[in-house]
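Observations on the model geometry
What follows is the residue order along each chain.
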Amino acid sequence: MSEMEKNTVVENAVPENTVEENTMTEKAVVEKRVEEAVASDSRIEDSTAEKEQEDTNAEYSLNDDRRVKTLSPGAMVAKRFFRNSIAVLGMVVLLAMFLFSFLGGAISPYKESQLFYRKDVQSQKYAGVKVNTELRYQQAEKDAFPALAQAQFVLARGKKETEFKAGDKEFTYEEAGKDFYIISVKGTSDPVAFAAIDLVTATGAETPSFAEQLNILKAYSNKESSFTLDGANYTISEDGTVSKDGKEYATAGRYVINTIMSDVKLSEEFKEKLLSEIQANSKSFTYQDADGKESVYNIEYDAPSKAYNIRQTREQMVYDTYSAPSKAHPLGTDKNGMDMLTRLMYGGRVSLYIGFVVVIIETIIGMIMGGISGYFGGWVDNLIMRIVDVFYCIPTIPIYIIIGAAMDAMRVDPKLRMFYLMIILGFFGWPSITRLVRGQILTLREQEFMTATEATGIKPVHRIFRHLLPNVIPQLIVTCTMSLGGVILTEAVLSFLGLGVKFPFASWGNIINDVNNTYVLSNYLFIWVPAGVCLLLTVLAFNLVGDGLRDAFDPKMKR
């Protein structure tokens, strides 16, 4: 302390111990009183600091101004939303579904439409052998040997007569081989028809002519190995295979062999083996093809059709259909041999894409129509509201079915079909948003800030889109969030009915569509249960988030 302050303290000090002070020197008295004043100041400072510390640690009362914190409207909404634990749970589920669908599909080792195969021993229909037991007629020209003449031929043959009459024509026939008859007009040498049990069947695109068939059957009946016709050389093997100028041309015989697959060609050795086993009444035989693959062939006779069905049993690569969950395929494979987990990821991506695009289309149309209707009112409002009423009366499900069937008939590309589906769903979904926007704008347009915009000369378009519609955004966010689940369900229903997303694209709806029979439904739960669970969780999460946003934007609803 300065000398002046010390003097002031000395002057103002109250003399308490006068006797002691009288015995002390003046200088000692002054020093003692200065020390007491300094100690007093120190105690006052410590008390003030302790009080401030207590005030800092103490909780504020409800009416204390220091409790007030200024938050922006967005922060207040976020704070209310995150206080709602159920809404936060819905948000977490949605985030998980987005990561599963978009990130999971990106890191998956498989592609959306990748096929998987496995080795399996299968017995499948390989060929058919038709046995002809009746006379078949071939005519040189149309109506050269009509049905009446054929009937008279059968009668004459039964009576063992070589001549017969049909209409105004007389015919004669000769037996050129076993069950082979050549028919001519009496007095001429040119055949007009022939009747035979053996048939000539083309093996290529070219059909043998009447003259070729006649000469082939002549040679085959007489067991001739070759003949020449019109400069072409024909050879006939024992099994009835006919070659023309060294190329396989046709087959002759009462056994007609047809393969199930048009690109499969049977060797002469196989045909000989097959026919010999049929004639020996064998039930099965083993044959090794040119590639060294040995297969077992089963022979099944079908009495009503008088044909033999040849089934081939061999180990081959087939689609890995309905494979049980494993390390390679955690959710198994579907009926096409595709990985179910990968299809589920891509299916979620498609379903969410469609949901968001449809809601965006609905919102854009609804905001424009509702904004115009609510702001202008009058005949404009009446016109738009009547249009909304008309859309409400349209039976959308039958229309979806008709449009889906039409796109099936026109064979619309699956990718293009998906875009059409989004446009159609968005086009029929805007009326509800229009009514919401109109109702909000009817209330907002009467408030003071709209009077101010009108007084300042702002254009009606700017009043609607810059001042009115932004104030409707909170309600729109709630409505759109809750309608997303409905759109995803609608798409799933259409895809389940075969009218929505088409193969090879996946959606949760058409994945469930794969279980269209009771056996798959009851025995392959891993095919449809995961898709159903994803669909359930996503729609439920959207509804929970929508409820949470509604409560956050309007906290009075919880009272």
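Residues numbered from 1 in each chain as written. Predicted model: local features only at pLDDT ≥ 70, side-chain atom pairs only at ≥ 80, totals over all residues. Heavy atoms only, no water.

Let's talk about helix H6 (residues 147-158)
In a regular helix each residue adds 1.5 Å, so 12 residues correspond to 16 Å; H6 covers 17 Å between its end C-alpha atoms and thus fits that length. Listed in full, the buried residues belonging to H6 are Ala-149, Phe-153 and Ala-156. One face of H6 carries all of its buried residues, which in axial projection span an arc of 70°. Residues of H6 that are exposed and angled more than 90 degrees away from the buried face: Ala-147, Leu-148 and Gly-158. Of the surrounding secondary structure, the elements contacted by the buried residues of H6 are strand S2 (136-139), strand S3 (163-166), strand S4 (169-177), strand S5 (180-185) and strand S6 (191-196). (Helix = DSSP H or I, 4+ residues; strand = E, 2+ residues; numbered from the N terminus. Expected span 1.5 Å × (residues − 1). Buried < 20%, exposed > 50% of the residue type's maximum accessible area, 1.4 Å probe, protein only. Arc of directions from axis to C-beta. Contact = heavy atoms within 4.5 Å.)

Quick look at the packing of helix H9 (residues 340-376) against helix H10 (residues 378-393)
In contact at an axis separation of 7 Å, H9 and H10 are set at 145° when each is read in the N-to-C sense. As H9 packs across H10, the resulting crossing turns out to be left-handed. Only Gly-378, Val-380, Asp-381, Ile-384 and Met-385 of H10 make contact with H9, whose side of the interface consists of Met-369, Ile-372, Ser-373 and Phe-376. Broken down by class, the residue content of the contact of H9 with H10 amounts to 6 nonpolar, 2 polar and 1 charged. (Axes fitted to C-alpha atoms, helices over the stretch in contact; angles between N-to-C directions. Left-handed = near helix turned anticlockwise from the far one by under 90°. Nonpolar A, V, L, I, M, F, W, Y, C, P; charged D, E, K, R; others polar.)

Let's talk about the side chain of Glu-491
With respect to the secondary-structure elements, Glu-491 resides in helix H16 (residues 473-496). An unpaired buried charge is present at Glu-491: no salt bridge exists, and Arg-417, the closest side chain of opposite charge, is 9.7 Å distant. (Lys, Arg positive; Asp, Glu negative; His and termini not counted. Salt bridge = Lys/Arg side-chain N within 4 Å of Asp/Glu carboxyl O.)

Section: the environment of Asp-245
Here Asp-245 lies in the loop between strand S10 (241-244) and strand S11 (247-253). Considering only alpha carbons, one finds Asp-245 and Thr-228, 17 residues apart in sequence, at a separation of 9.8 Å. With residues near it in sequence (within four places) discarded, Asp-245 still touches Ala-232 and Asn-233.

Examining helix H5 (residues 85-107)
Taking 1.5 Å of rise per residue, 23 residues should cover 33 Å, and H5 covers 31 Å from first to last C-alpha, within 8% of that figure. Considering bend angle alone, the principal kink of H5 is centred on Phe-100 and spans about 30°. Considered for burial, the residues of H5 that qualify are Ala-87, Gly-90, Leu-94, Met-97, Ser-101, Gly-104 and Gly-105. Regarding H5, its N-cap is Asn-84, as a side-chain oxygen of that residue lies 3.2 Å from the backbone nitrogen of Ile-86 further along. (Bend = angle between axes of the 7 residues up to and from the residue. Polar contact = N/O pair within 3.5 Å; in protein donor to acceptor, adjacent residues only side chain to side chain.)

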